[in-house]
Amino acid sequence: MNARNSSVDLLGTTVLIIFIGLIGTRLTKGVDLTDEAYYAIFLDDWLKGGIATSAFLTLHQTAALIVYPAALIYVAVKGSSDGLLLFLRALFLIGAVASAAVWIVFMRRIGHRLYAWAGGLLILAFIPFGLPAPSYNTLGQQALTIAMASFGCAALAAGQPRAQLQWLIASACAWALATVAYPTMIAPMGFLCLLGLLYRDRIFPQPWRYALLVAAAVCIGWGIVATSLSVTRLYDSIIYLSAVADVGGMGRKLTLAFDILRNDAAFAILCLFAVTIGIFRRHLGAFAQIASVAIIGSLFFTTPALFVRSHDAITLAALTGIGLLTGLWPGASRNERVVALVYATSIAAALATSMTAFNSIFNFCIGAVPAAALSLVARPSVKSCSLVGVLPAPVAIAAVLSTSLYVYYGELQPPPLQLRERLQEGFFAGIEAHPDDAALLRVVRGRVGPLLGHSQTIAVIGRLPGLALATPLRLSMPTAFPLTPNVPQRGIAAAGDYYTRPENRPQLVLIYRDAYFEPINPMQQQFDEWYAPLAEFSTPLGQLAVFQRRLGGPTD
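Residues numbered from 1 in each chain as written. Predicted model: local features only at pLDDT ≥ 70, side-chain atom pairs only at ≥ 80, totals over all residues. Heavy atoms only, no water.

Structural notes on the overall build of the protein
Of the regular secondary structure elements, the protein holds 21 helices and seven strands. Taking 24 Å as the expected radius of gyration for a compact globule of 556 residues, we find that the protein reaches 24 Å, a close match to that expectation. Based on the C-alpha atoms only, the size of the protein along its principal axes is roughly 80 × 50 × 50 Å. Burial statistics for the protein: of 556 residues in total, 58% are counted as buried. Summarising the internal contacts of the protein: among those between residues at least 6 apart in sequence, 73% fall at separations of at least 24. About 22,600 Å² of surface is accessible on the protein, with carbon and sulfur atoms providing 65% of the total. Within the protein, the 28 negative side-chain charges are centred at a point lying 14 Å from the centre of the 37 positive side-chain charges. (Helix = DSSP H or I, 4+ residues; strand = E, 2+ residues; numbered from the N terminus. Rg over C-alpha atoms; globule rule 2.2 N^0.38 Å. Buried < 20%, exposed > 50% of the residue type's maximum accessible area, 1.4 Å probe, protein only. Contact = heavy atoms within 4.5 Å. Areas by Shrake-Rupley, 256 points an atom, 1.4 Å probe, with all protein chains shown as cover. Lys, Arg positive; Asp, Glu negative; His and termini not counted. Charge placed at Lys NZ, Arg CZ, Asp CG, Glu CD.)

Spelled out as structure tokens, the structure:
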């Protein structure tokens, strides 16, 4: 048995290292000037002038606070922010490895080895939206996984009070990070604590102590956030984001989820099969595992329903484990109860992220990752390990990895690898970019740069907020994220109100237009009164116009 365990551990470690190498190589390719750049802009702006003077009014900046200390250290050591985006991607990979490692420890404490490594590899391989950055999605998902795995380790450390307390503290700290990164995570956190108070069978580890530890950690975490941003700005950020992001409310999100399932009959049927297998998995034996392989494997022959294949795979895998909830019934073993608690909390997190995220059901997978990793286990027992039982794991991992390695978020048409251009300077240094992105960044640095003069502030309007990262100026905008055509009128009005104060108007404005997105200018009708055209440049995919603030007006 020891020789077999050593072989499994050697195999698992080897594959883990290979995965780290593959994902690490992937991190050096592809520049995303949309969402990934948006997350990095918070850090870039703070590094240019500090948090206190930042103009941003959006709740998304709380996630950036988690990696801000690391960014400060990087800039202090290197002397500039050149290559910072690649460093941030490395931080993402470190978080992925950490969450996978803690998950492996948790599963090994249940008694598994092969399943432990399989679950850890699935967690490591998953990159939400194919976007390898420390965003609120990735940081929230990684912290959630660590919180759940640490809780599981504590619950399985019966008779080891010191070890149990250490794991409980680790779980509480991870919950604090999860809620700071993704505030919606407070819902599954509260759900788990409530389950602990309901189940008084001594399997849930010290429920009152755990709840107090979690509450203390979350209060400390949000206390740091409030101190860093100020309570006033935190409140204003909540109000502003609710105005801009509340497009159709809960009704729109439910309609989106329904429309996806209605318009993609194949995926809807796969979901139905997955739930059915999950409910009856205890009675189906090896057939459940074979059916799981067929369900997840079929994703290679269908068009992704939830944005990318990895999201479909995580969602379907999580649904095949719904039968694990029977561990909440009276008489369940310790292992079954712990697995059920972790699974139920993960599904609660998935529902919470779906109901609160702008993209609705696309974000189900963010909370469902721990549930999907658990569902790879036939039953929470060492005796359940068999060749057939292991089959769903490599299929699910392959489905996830096919997205993580080959989907480049933000690239509309990925080029052949040999045509990528390695960027040598600036925020994106060290990354092999799409030729169109590289050319656009050269326009900003080489042609817009000389026009900056003594300007100190800028606004970037259009599909690509990341253009701001190619300038030395600070943004004067309540949010760098572009206003889309479906933003409610009150959101556009809230953005416009910011610019009615002369001190908030930036000295330069960049407006980027292409065939994919018609930008909404929050300054609207007053823009021509406040700004004069300075230059306009053609780019591979669109036009970049530069405007300069008019001087000598009644408000200047």
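Concerning the side chain of T34
Note that T34 resides in the loop between α1 (2-27) and α2 (35-49). Excluding its chain neighbours within four sequence positions, the residues that come into contact with T34 are Y409, G410, R463, L464 and P465.

Quick look at the pairing of strand β7 (residues 542-549)
On a regular strand, one side chain projects to one face of the sheet and the next to the other, so that they alternate. With respect to burial, β7 is a largely interior element, six of its eight residues being buried. With seven bridges connecting them, strand β5 (residues 508-514) and β7 associate as antiparallel partners. Residue pairing across strands places I511 opposite A545, the latter belonging to β7. Of the pairings in the sheet, the one linking strand β6 (residues 531-538) to β7 comprises seven bridges and is antiparallel in character. By the bridge assignment for β7, E536 is matched with A545. If you look at the hairpin formed by β6 and β7, you'll find three residues sitting between the two strands. (Pairing = 2+ DSSP bridges.)

Things to note about the environment of E503
Among the structural elements, E503 can be located in the loop between α20 (489-499) and β5. A relative accessible area of 61% places E503 in the exposed class. The spatial distance from the C-alpha of E503 to the C-alpha of D9 is 61 Å, given a sequence separation of 494 residues.

Re unusual backbone geometry
Residues other than glycine seldom take positive phi values, yet S230 does so here, at roughly 85°. Within the secondary structure, S230 sits in the loop between α9 (207-229) and α10 (231-245). The phi torsion at F307 lies on the positive side, around 85°, for a residue other than glycine. Tracing the sequence through the fold places F307 in the loop between α13 (286-297) and α14 (309-319). The class for F307 is partly exposed, based on a relative accessible area of 38%.

Looking at the confidence of the model for the protein
Mean pLDDT over the protein works out to 91, with 95% of the residues at or above the 70 mark. Segment residues 380-384 is flagged for pLDDT under 50; beyond a separation of four residues in sequence, or across chains, it makes 14 contacts in the model. (pLDDT = per-residue confidence, 0-100.)

Here's the deal with α10
The end-to-end C-alpha separation of α10 is 21 Å, in line with the 21 Å expected for 15 residues at 1.5 Å each. All of the buried residues in α10 are R233, L234, S237, Y240, L241, A243 and V244. Contact partners of the buried residues in α10: α3 (61-78), α9 and α20. (Expected span 1.5 Å × (residues − 1).)

Let's talk about the pattern of salt bridges
A complete count under the given rule lists 11 salt bridges for this structure. A salt bridge links R113 to D9, with the shortest nitrogen-to-oxygen separation between them at 3.1 Å. Here the residue R113 occupies a position in the loop between α4 (84-110) and α5 (114-125), and D9 occupies one in helix α1, the gap between them amounting to 104 residues. Judged by its relative accessible area of 16%, D9 falls in the buried class. Measuring nitrogen to oxygen at the nearest pair gives 2.8 Å for the salt bridge that ties E411 to R420. Each member of the pair E411 and R420 is classed as buried. Members of the salt-bridge network, linked through shared partners, are D9, R108 and R113. (Salt bridge = Lys/Arg side-chain N within 4 Å of Asp/Glu carboxyl O.)

Concerning the side chain of R281
Structurally, R281 is set in helix α12 (residues 265-284). Comment: no salt bridge for buried R281; closest opposite-charge side chain is E336, at 10 Å. Within the structure, the side chain of R281 is placed 2.9 Å from the backbone oxygen of T320, a separation counted as a polar contact. (Polar contact = N/O pair within 3.5 Å; in protein donor to acceptor, adjacent residues only side chain to side chain.)

Brief notes about the sheet that holds β6
Ordered in space as β4-β3-β5-β7-β6, the five strands form an open sheet in which the pairing is mixed. Since the sheet does not close on itself, it has two edges, and those belong to β4 (474-475) and β6, each with one partner.

With respect to the packing of aromatic side chains
If you walk through the whole model with that rule in mind, you get 18 aromatic pairs. Residues F151 and Y210 carry aromatic rings whose centres are separated by 5.5 Å and whose planes lie at 45° to one another, so their mutual orientation is tilted. Highlighted residues: F151 in helix α6 (residues 136-155) and Y210 in helix α9, separated in sequence by 59 residues. Y210 carries the same exposure label as F151, and that label is buried. Their ring planes at 45° and their centres at 5.9 Å tell us that F307 and Y409 sit as a pair that is tilted. Pair noted here: F307 is in the loop between α13 and α14 and Y409 is in the loop between α18 (392-406) and β1 (421-422), with a separation of 102 residues, a long-range link. Taken together, Y38, Y39, F42, W46, F56, Y68, Y136, Y182 and F481 form an aromatic cluster joined through their ring pairs. For the cation-ring pair, R252 lies above F358, with the distance from its terminal atom to the ring centre recorded as 4.4 Å. When the ring centre of W530 is taken as origin, the NZ or CZ atom of R505, which lies over that ring, is 3.8 Å away. (Phe/Tyr/Trp six-rings, centres within 6.5 Å; stacked < 30°, edge-to-face > 60°. Lys NZ or Arg CZ within 6 Å of the ring centre and 35° of its normal.)

A short note on the nonpolar core
Within the largest apolar cluster, 189 residues are counted, with the highest numbers of intra-cluster contacts made by F106 and W175. In terms of nonpolar packing, the next biggest core, distinct from the first, is built from seven residues, V244, L483, V487 and A495 among them. (Core = buried A, V, L, I, M, F, W, Y, C linked by side-chain atoms within 4.5 Å.)

Things to note about α2
Compared with the 21 Å implied by 1.5 Å per residue over 15 residues, the 22 Å span of α2 between its first and last C-alpha is a close match. Along its length, α2 shows its largest kink, about 30°, at I41. In terms of residue burial, α2 counts as a mostly covered element, since 12 of its 15 residues are buried. For α2, the full list of buried residues reads D35, E36, A37, Y38, Y39, A40, I41, F42, L43, D44, D45 and W46. Looking one or two places after α2, you find G50, whose phi comes out positive at around 95°. (Bend = angle between axes of the 7 residues up to and from the residue.)

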